[in-house]
Amino acid sequence: MKTRLQVVLLQSFNSTTIADMENFLPALDIRELYDRFDVSVTGVDCGKHCALHNPSGKPFCCDICLAVPVAYHQEWEYLCRHTDLWHTWMAGECPDLSPESDFAQENFPEHMCLLACQGPADCQRSFRALSCRQFPFFPYITSDYRFLGMAYDWTFEETCWVINNLVLVTNDYRRAFFQTFDFLFSLWDEEFESYIIRSSEMRSDFKSAKRRIPVLHRNGKAYMISPQSERMKPVDLSELPRFGPYR
């Protein structure tokens, strides 16, 4: 099965230094953020379903050679003080990629730490990074700058079980997702801007593929959105196409 390594969370600001980002970022209560966003995506252990299709035997989102977690610098400092679950991502952890590679230097966000963990068998769920908690979703921002709903990282369509079972995403998870990012966006404009970029990239890719974008709307419903006009059409999530081994 063909897979792609992706960063789970934010796109980098090419013209922004780490020092600049630290000046932008307000003081965050990381424990409060974690407690605010401590909800399972679905009512089942989705990792058991997708791990069956990963040669490593790990859930795809927990395989750091397929999805490298990232954390705010404040978040990393908090994790260092409270858990041994995480360490910085180092050369040699993945056979085909290292932090020193051109790909990593060009694509990984400068204002965040690249992390690796002890693996899903030793996960300490109360210390999961925000990037773990939000996977596979990100805030979808319209071209007129409205936080409309939740979109998913489309590069994981053929690997992520949740993406292929959006109908099972719970209302509790949706509420926690929106509350968390509403809070972050109220404090940090640059965080909002990063998702403007990500949403624009999704529209561009889906326009090229002549596809509509599935979005879990803030109103509790789901829509297919035209990547060109951004017109919304209601959709029954159970009728969405499936990908890869989930077809």
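See above for the structure.
Draft legend 1. Expanded view of the overall build of the chain. Looking only at helices and strands, the chain has eight helices and nine strands in total. Looking at the chain as a whole, 52% of its 247 residues qualify as buried. Of all intrachain contacts in the chain linking residues separated by at least 6 positions in sequence, the fraction that spans at least 24 positions is 74%. Surface accessibility of the chain: about 12100 Å² in total, with carbon and sulfur atoms responsible for 48%.

Draft legend 2. A look at helix α8 (residues 189–208). Taking 1.5 Å per residue as the helical rise, α8 with its 20 residues ought to reach 28 Å, and the 29 Å between its terminal C-alpha atoms agrees with that figure. Looking at α8, one finds that the buried residues are E190, E191, F192, S194, Y195, R198, S199, M202, R203 and F206. Among the residues trailing α8, K210 stands out with phi positive, at a value near 55°.

Draft legend 3. Seen up close, the nonpolar core. One finds L79, F137, F147, V169, Y173, F177 and F181 to be the most contacted residues of the largest nonpolar core, which totals 62 residues. Looking at this core element by element, the count peaks at seven residues for helix α7 (residues 171–187). If we skip the residues at most four places from it in the chain, F147 touches P139, Y140, I141, F177, F178, F181, D182, F185, F192 and R218. Counting residues in hydrophobic clusters, the runner-up holds seven residues, among them V68, V70, C94 and A116.

Draft legend 4. Main features of the packing of aromatic side chains. Per the counting criterion, the structure on display carries 19 aromatic pairs. For the ring pair Y78 and F127, a centre distance of 6.3 Å and an interplane angle of 40° mean the geometry is tilted. Taken as a pair, Y78 in helix α4 (residues 73–82) and F127 in the loop between β4 (112–117) and α6 (130–134) lie far apart in primary sequence, 49 residues in all. In this structure, Y78 and F127 share a single accessibility class: buried. Taking 5.4 Å as the distance between ring centres and 70° as the angle between the ring planes, the aromatic pair formed by F147 and F185 counts as edge-to-face. Here the residue F147 occupies a position in strand β6 (residues 147–152), and F185 occupies one in helix α7, the gap between them amounting to 38 residues. Neither F147 nor F185 differs from the other in exposure class; each is buried. The side chain of R198 reaches across the aromatic face of F138, ending 5.7 Å from its centre. Positioned over the ring face of F147 is R218, at 4.7 Å from the centre of the ring.

Draft legend 5. Quick peek at the pattern of salt bridges. Tallying each qualifying case throughout the model produces eleven salt bridges. A salt bridge links E32 to R36, with the shortest nitrogen-to-oxygen separation between them at 3.2 Å. Within this pair, E32 and its partner R36 are both found in helix α2 (residues 30–36), separated by four residues, close to a single helical turn. Overall, E32 belongs to the partly exposed group, its relative accessible area being 38%. Between R211 and E157 there is a salt bridge, with its nearest N and O atoms 2.7 Å apart. With a gap of 54 residues between them, R211 in the loop between α8 and β7 (213–217) and E157 in the loop between β6 and α7 connect regions that are remote in the sequence. Assessed through its relative accessible area of 28%, R211 is described here as partly exposed. One salt-bridge network, in which partners are shared between bridges, spans D38, R128 and R133.

Reading the values: rules and limits
Residues numbered from 1 in each chain as written. Predicted model: local features only at pLDDT ≥ 70, side-chain atom pairs only at ≥ 80, totals over all residues. Heavy atoms only, no water. Helix = DSSP H or I, 4+ residues; strand = E, 2+ residues; numbered from the N terminus. Buried < 20%, exposed > 50% of the residue type's maximum accessible area, 1.4 Å probe, protein only. Contact = heavy atoms within 4.5 Å. Areas by Shrake-Rupley, 256 points an atom, 1.4 Å probe, with all protein chains shown as cover. Expected span 1.5 Å × (residues − 1). Core = buried A, V, L, I, M, F, W, Y, C linked by side-chain atoms within 4.5 Å. Phe/Tyr/Trp six-rings, centres within 6.5 Å; stacked < 30°, edge-to-face > 60°. Lys NZ or Arg CZ within 6 Å of the ring centre and 35° of its normal. Salt bridge = Lys/Arg side-chain N within 4 Å of Asp/Glu carboxyl O.

By themselves, these observations are geometric and do not establish any function.
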